[in-house]
Amino acid sequence: MTASHRSSVYLILIPVSFALLLSGCLSSKPQAFKMAFLPSTPQPDERVFEAPPQIASSSLLASETPNQLQRALATPPRLPEVDSRLARAEEHFEAGKRLYQLSDIPGARREFDRALDLLLSASDSLPDRQRLELKLDQMVDTIYRYDLEGLGGGAKQQAVVYDRSPLDSIPEMTFPTDPNLRPKVKEEIAATVSQLPLEENDAVLSYIHYFSSDRGRRTLLAGLRRAGRYRPLIQRILDEEGVPQELIHLAQIESGFLPRARSNKKAVGMWQFVQFRGNEYGLKQTPGSDDRMDPEKATRAAARHLRDLYANFGDWYLAMAAYNCGPGCVERAIQRTGYADYWELRARSALPHDTLNYVPVILAITIMAKNPKDYALENVDLDRAIEYDTIHVDTPASLALIADAADCARPEIEELNPALLKALAPAGYPLRVPKGTSATVLTALDLVPASHRANWRLHRVAQGETLSEIARRFATPAASISAVNPRSAAPPESGDLLIIPSGYAAVRTPPPVPKAIAQRKASHRRIASSQKPAGTPVRKTPRTAYKTASVASKHRPAAN
């Protein structure tokens, strides 16, 4: 082999040997190869974190609260002044009723006065002040009834006190019409759903104008507010008898929803029935009760009467006119003129003077009530609906005893039973008591001997009250109270219900008249004395003298 050949062989063998050597190394240390491609073991982190800098206490940001937390901790927004006054007045009013019920007459008077002061002392410039005036009128009416009727069970029976019918105070149509009112009312009628036909004419527009004035608006608002007491009852009965719901406003102008309203023609009750018509529809009158003043019975009778009138005349306007003046009167007018159309009869003055404006007034109120936003009536605070249970007493029972058993004041029982002419529920009478109290009342009545329910009383013992204090309050010897109660050997405890025998002069002290009430009563007597029909006992509730008495009462010092 030549030298050149040897050199070539060596050149070939050198790379081969190097390849064999490399493969041997790899096969003997596979793990080392693999680890070469894995991340290295992490080393401990030795970084140092510095504490945040201290914020000086004088910094403006040191006391800042995050916005989210600030919103969560924020106090509720303060009520507007009118709402605040109404809420506080209601609290004092309810406290006064509770004290009155416990025979704490001075305390009741203080709370009633505080409630009235909150309403009377409000600024005349307050927005929405009208709500305060309506609440004041409502409270005064209730407190006056407490004063007028809230004597003891043995108090001398007073004559029935009636309210004036608002229809007597609505003037004749002697006021102008607003020329801008006609297109507005036309649009309202076109957009209004009504079971009662609605009409736009000068007579209706005139009364819409009147009820938009200060005087007419007060009458309208008073009726709408009181409607809340009986609206569910009336709507249910009108629906059951197939009579348009809008005829609820017939009761509004007849009585203002006052169950004891009486007109100068001696029509009585919420729906103003005269005696013979009431008897015709089952409204009985006895020495102790008059069903014409029972809201539920009278509403049922009125709905059936209106339905019969519509069946006779075939027209709701003629039916309403006949409700006011009698079906015979309307029939004679139709015979004389040959027109069976209310507006034609009205144009010819063929109907009695009062009936000429009767239908326009109802239509005006209906249109306004169905479009409350157009006449600023959407925020009227309606009275709470009256709810009750009905029980039947098997023996005569005084209303004072019923109130004791129901744990309420006697005027509340009288308000639920306006048809009673005496402070005594006859045996078998369907007596109404506050909702949810029927079982309690019947159980409590069972404690009193049947022969004594006309004049005995019940009394719930208050905290810290002694037998001697109770005896003085009822002017009855303590020994007599102990003798008729099962636990006569032990002193009475708070919550005990005691029987109070009234063989003595067991009457509670008559409540003093709150100052604002006395002022309003005096003002009403001055204004209403010339309007009172002879021989008609009319309640001197000072609704018509509100402004005069309010101004006179506003600046008196607050009650202590």
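Residues numbered from 1 in each chain as written. Predicted model: local features only at pLDDT ≥ 70, side-chain atom pairs only at ≥ 80, totals over all residues. Heavy atoms only, no water.

> Residue-level account of the side chain of Arg-457, with values.
By the element assignment, Arg-457 lies in strand 7 (residues 457-460). Looking at Arg-457, its side chain comes within polar contact range of the side chain of Asp-404, at 2.7 Å. (Helix = DSSP H or I, 4+ residues; strand = E, 2+ residues; numbered from the N terminus. Polar contact = N/O pair within 3.5 Å; in protein donor to acceptor, adjacent residues only side chain to side chain.)

> Any chance you could break down the packing of helix 10 (residues 248-255) against helix 17 (residues 358-370) for me, citing the residues and the numbers?
Where helix 10 contacts helix 17, the axes come no closer than 9 Å and their chain directions differ by 120°. Comparing the axis directions of helix 10 and helix 17 gives the class oblique. Helix 17 is crossed by helix 10, and the crossing has right-handed handedness. Of helix 17, the residues touching helix 10 (which contributes His-249, Leu-250, Gln-252, Ile-253 and Glu-254) are Tyr-358, Val-361, Ile-362, Ile-365, Thr-366 and Ala-369. (Axes fitted to C-alpha atoms, helices over the stretch in contact; angles between N-to-C directions. Parallel < 35°, antiparallel > 145°, perpendicular 65-115°, else oblique. Left-handed = near helix turned anticlockwise from the far one by under 90°. Contact = heavy atoms within 4.5 Å.)

> Got a sec to walk through the pattern of salt bridges? Specific residues and values, please.
For side chains bearing opposite charge, pairing can occur when the charged atoms are close. For the coordinates displayed, the defined rule picks out 29 salt bridges. Between Lys-435 and Asp-389 there is a salt bridge, and its shortest N-O distance comes to 3.9 Å. Residue Lys-435 is found in the loop between strand 6 (430-434) and helix 20 (438-445), and its partner Asp-389 is found in strand 3 (residues 388-392); the two are separated by 46 residues along the sequence. A salt bridge links Glu-465 to Arg-473, with the shortest nitrogen-to-oxygen separation between them at 2.3 Å. When its relative accessible area of 10% is taken as the criterion, Glu-465 is described as buried. Salt bridges sharing common partners tie together Arg-236, Glu-240, Glu-241, Asp-294, Glu-296, Arg-300, Arg-304, Arg-307 and Arg-432. (Salt bridge = Lys/Arg side-chain N within 4 Å of Asp/Glu carboxyl O. Buried < 20%, exposed > 50% of the residue type's maximum accessible area, 1.4 Å probe, protein only.)

> Mind laying out unusual backbone geometry, listing which residues take part and the relevant values?
Residue Lys-266 is not a glycine yet carries a positive backbone phi of 70°. Residue position: Lys-266 is located in the loop between strand 2 (261-262) and helix 11 (275-280). With a phi angle near 55°, Ala-475 is a residue other than glycine that sits in the positive phi range. Looking at the element boundaries, Ala-475 is found in the loop between helix 21 (467-474) and helix 22 (478-484).

Read these as geometric descriptors, not functional statements.
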